[in-house]
Amino acid sequence: MSAARLRVDRERCIGAGMCALTAPEVFDQDPDDGRVLLLHPDPLITRPTATRMAAGVCPSGALTLQDRPTGRDAGGDPP
Amino acid sequence: MSESLHHVATLPTARRPGCPFDPPAELLDARGHGPLSRCTHVGGKPGWLITGYDLVRSVLADPRFSSRKELLNVGDFEIAPAPPGEFLLTDEPQHGRYRKPLVGRFTVRRMRLLTERIEQITADCLDAMEEAGPPTDLVTAFAKPIPTIVICELLGVPYGDRGSFQEQIDTFMGGATSDEELIAAYTATQEYLAGLVVAKRANPTDDVLSELTDSDLTDEELKGMSLVLLAAGFDTTANMLSLGTFALLRNPEQLAALRADPTLTDAAVEELLRYLSVAKTFMRTALEDVEVGGQIIEAGTTVVLSYNTANRDPERFTDPHVLDVRRRDAVGHLAFSHGIHQCLGQQLARVEMRVAFRALIDRFPTLRLAVPAEEVGLRPETADIYGVTSLPVTWDERRS
Ligand code: SF4
């Protein structure tokens, strides 16, 4: 399994709800503004398939999978 | 290089006789030549036609392509910008300004809460249908009233006013009327909604429109937004319900599978959305030179995105021309578009379709067409939303 990290960008989210529909155990939507809420701290570990699928169907690019920084490349990333 | 590209002279305006569910042959043929073709727009300007799933999706997600109406470059004429509130034809940040106050009202959770009410509305329609007895037009008895009642209740349109503008919306969305009739129907609906916005401001009730009057949007903008919501919320779902029923009746083994196994309902809805793609094409205009599929689309050029062909792309969907309610790869279809404009009401549409198809199938086990399939009236390809104009059906009455 390649190490990856889920990035959730609420500013980009358009509230289409594809994530909450595809992976309701991982994502919900804020009842006020409809934007994505993450229900699990590290869903790629607990729910990898559903999470990847949700990221794949997110229309706005609000959910992205990023390779986990390793070694020296991790430079600028916060711990 | 570009000489080798397939060229579609003008966008096709008809489907092949006997194949009401398949995209026009010229579009399927274009996909066969590759995901990207040259085309000539209706007004004579050169453009691009995108028929491949991956490319359609990438253009939809690309902010270098604009949705603004006034940028459309299809002929030698000027196109007026979209009226205030018509957020489909705008880019960021205007689009977000319109969309944001709405999003919380259309979440997956909120739409699920509506299920019971939608079941009730559906049951009432089916009761009336059963009482009146066969045959009936499924469009007027079932496909139109359900989404109309639902969207009106959600927006806060008074019950008594529904009938008249349901007709009006049908007139200007259906593509089968004269320009005068179309403009008259459009204007009448706008006037009605303008009055409604004023009324909601004065006396807010518990509905989306009243809630929107509490934002910084002007009356003019609210009028435009309610028109979009009404038209989109009613016409698309109505046509999915009627065309979807037609498709199931034409594929009896699929209908039987669905009838036998209610757990297939959700998948069947996704598959019908993919297979039918009633919102068939949308356009975008390049804001700068953009490379798409190895070609440069020049700034100012308008591209046509063919959703129905993309949803039949053999590289994305197995046996794409087969309606298969057990299909697993329908998820990710483009029936609700992609990118920032992806349908705001999609979760509502899903709940409506799940409830309505299920109830219809359960209630009328012997439902069938009352006329030969070739006689079912279809909307012209020029209509924004594809569909049937009437669907005569019949069934065996239960002996009591
Ligand atoms: S699918 Fe993407 S855009 Fe839609 S609610 Fe989830 S994160 Fe937001």
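Residues numbered from 1 in each chain as written. Chains lettered and ligands numbered in written order. Predicted model: local features only at pLDDT ≥ 70, side-chain atom pairs only at ≥ 80, totals over all residues. Heavy atoms only, no water.

A.B. asks: Is there a simple way to think about the overall build of chain B in this case?
C.D. replies: Summing up its helical and strand segments, chain B has 15 helices and 13 strands in all. Taking 2.2 N^0.38 as the reference for a compact globule, 400 residues should give roughly 21 Å; the C-alpha atoms of chain B span a radius of gyration of 21 Å, in line with that estimate. Dimensions of chain B along its principal axes, counting C-alpha atoms only, are 70 × 55 × 40 Å. Looking at chain B residue by residue over its 400 residues, the buried ones come to 54%. In chain B, 40 positive and 58 negative side-chain charges are present, and the distance between their average locations comes to 5 Å. (Helix = DSSP H or I, 4+ residues; strand = E, 2+ residues; numbered from the N terminus. Rg over C-alpha atoms; globule rule 2.2 N^0.38 Å. Buried < 20%, exposed > 50% of the residue type's maximum accessible area, 1.4 Å probe, protein only. Lys, Arg positive; Asp, Glu negative; His and termini not counted. Charge placed at Lys NZ, Arg CZ, Asp CG, Glu CD.)

A.B. asks: Quick question: what am I supposed to make of helix α9 (residues 179–202) of chain B here?
C.D. replies: Three- or four-residue spacings in an α-helix give side chains the same orientation, since the helix completes a turn every 3.6 residues. For α9 of chain B, which comprises 24 residues, the first-to-last C-alpha distance of 35 Å matches the rise-based estimate of 34 Å (1.5 Å per residue) to within 8%. Considered for burial, the residues of α9 of chain B that qualify are Ala185, Thr189, Gln190, Leu193, Leu196, Val197 and Lys200 of chain B. (Expected span 1.5 Å × (residues − 1).)

A.B. asks: Before we go on, may I ask you to explain the sheet that holds strand β10 (residues 368–369) of chain B in this structure?
C.D. replies: Adjacent strands of a sheet pair through backbone hydrogen bonds, lying either parallel or antiparallel. All names here are of chain B. The strand order across the open sheet built from three strands is β5-β13-β10, with neighbouring strands paired in antiparallel fashion. Two strands bound the open sheet, and with one partner strand each, they are β5 (136–137) and β10. Judged from the two bridges that link them, β5 and strand β13 (residues 392–394) form a sheet pairing that is antiparallel. The residue of β13 that forms the bridge with Thr136 is Val393. (Pairing = 2+ DSSP bridges.)

A.B. asks: So what exactly am I meant to see when it comes to the confidence of the model for chain A here?
C.D. replies: Caution applies to low-pLDDT regions: their predicted coordinates should not be interpreted in detail. All names here are of chain A. Residues at a pLDDT of 70 or more form 81% of chain A, whose mean pLDDT is 81. Within chain A, the lowest mean pLDDT, 86, falls on strand β4 (residues 63–67), and the highest, 93, falls on strand β3 (residues 36–38). Confidence drops under a pLDDT of 50 for residues 71–79, and excluding neighbours within four residues, the segment shows three contacts in the predicted structure. (pLDDT = per-residue confidence, 0-100. Contact = heavy atoms within 4.5 Å.)

A.B. asks: What is the right way to read the site of the ligand from this model?
C.D. replies: Of all residues adjacent to the ligand, which total 13 residues, the nearest are Cys13, Ala16, Gly17, Cys19 and Cys58 of chain A. Tallied by class, residues from the shell around the ligand come to 10 nonpolar, three polar and no charged. (Near = heavy atom within 4 Å. Nonpolar A, V, L, I, M, F, W, Y, C, P; charged D, E, K, R; others polar.)

A.B. asks: What is the right way to look at the nonpolar core in this model?
C.D. replies: Residue and element names in this part refer to chain B. In this structure, Leu102, Met129, Phe142, Phe246, Leu276 and Leu391 are the most contacted members of the largest nonpolar core, which totals 89 residues. Counting residues per element, this core draws most heavily on helix α11 (residues 219–250), which supplies 16 residues. Excluding its chain neighbours within four sequence positions, the residues that come into contact with Phe142 are Thr122, Leu126, Met129, Pro147, Leu241, Thr245, Ala356, Phe357 and Leu360. Counting residues in each nonpolar core, the second largest holds 20 residues, with Leu55, Val56, Val303 and Ala310 among its members. (Core = buried A, V, L, I, M, F, W, Y, C linked by side-chain atoms within 4.5 Å.)

A.B. asks: For this particular structure, what's the right way to read the pattern of salt bridges?
C.D. replies: If the charged atoms of two oppositely charged side chains come close together, the side chains can form a pair. Per the counting criterion, the structure on display carries 31 salt bridges over all chains. Across the salt bridge formed by Glu211 of chain B and Arg105 of chain B, the nearest N and O atoms sit 2.3 Å from each other. Taken together, the residues span a long stretch of sequence, with Glu211 of chain B in helix α10 (residues 208–212) and Arg105 of chain B in the loop between α3 (94–103) and α4 (108–113) at a distance of 106 residues. What makes Glu211 of chain B partly exposed here is its relative accessible area of 41%. Residue Glu130 of chain B pairs with Arg363 of chain B through a salt bridge whose shortest N-O separation is 2.7 Å. Residue Glu130 of chain B is located in helix α5 (residues 115–132), and its partner Arg363 of chain B is located in helix α15 (residues 346–363); the two are separated by 233 residues in the primary sequence. One salt-bridge network, in which partners are shared between bridges, spans Arg10, Glu11, Asp30, Asp33 and Arg35 of chain A. (Salt bridge = Lys/Arg side-chain N within 4 Å of Asp/Glu carboxyl O.)

A.B. asks: Would you mind showing me how to read the packing of aromatic side chains here?
C.D. replies: Given two aromatic rings, one states the distance between the centres and the angle between the planes to describe the pair. All names here are of chain B. In total, this model carries five aromatic pairs over all chains according to the counting rule given. On the numbers, 6.2 Å between centres and 40° between planes, the contact of Phe21 with Tyr275 is tilted. Residue Phe21 is located in the loop between β1 (7–10) and α1 (25–32), and its partner Tyr275 is located in helix α13 (residues 265–276); the two are separated by 254 residues in the primary sequence. Here the two residues Phe21 and Tyr275 agree in accessibility, since each one is buried. Here Tyr53 and Phe317 contribute two aromatic rings whose centre-to-centre distance is 5.6 Å and whose plane-to-plane angle is 85°, an arrangement assigned as edge-to-face. On the criterion of sequence distance, the pair formed by Tyr53 in helix α2 (residues 53–60) and Phe317 in the loop between α14 (307–310) and α15 is long-range, its members being 264 residues apart. (Phe/Tyr/Trp six-rings, centres within 6.5 Å; stacked < 30°, edge-to-face > 60°.)

A.B. asks: Just checking my understanding: could you explain the packing of α11 of chain B against helix α12 (residues 252–260) of chain B for this structure?
C.D. replies: The description of two helices packed together rests on the angle between their axes and the distance between the axes. Residue and element names in this part refer to chain B. Closest axis-to-axis distance for the α11/α12 pair is 5 Å, and the angle between their directions is 105°. Between α11 and α12, the crossing angle belongs to the class labelled roughly perpendicular. Here Leu248, Leu249 and Arg250 of α11 lie close against α12, whose contacting residues are Pro252, Leu255 and Leu258. Of the residues contributing to the contact of α11 with α12, the split by class is five nonpolar, no polar and one charged. (Axes fitted to C-alpha atoms, helices over the stretch in contact; angles between N-to-C directions. Parallel < 35°, antiparallel > 145°, perpendicular 65-115°, else oblique.)

A.B. asks: Looking at this structure, how should I read the sheet that holds strand β4 (residues 65–66) of chain B?
C.D. replies: Residue and element names in this part refer to chain B. Ordered by their spatial adjacency, six strands build an open sheet running β1-β2-β3-β9-β6-β4, and the pairing between neighbours is mixed. In this open sheet, the two strands that pair with only one neighbour each are β1 and β4. Here five bridges tie strand β2 (residues 36–40) to strand β3 (residues 46–50), and the two strands are oriented antiparallel to one another. The residue of β3 that forms the bridge with Thr40 is Pro46. Most of the contacts of α2 go to strand β9 (residues 302–306), to which it runs at about 125°, and overall it touches β2, β3, β4, β6 (281–286) and β9.

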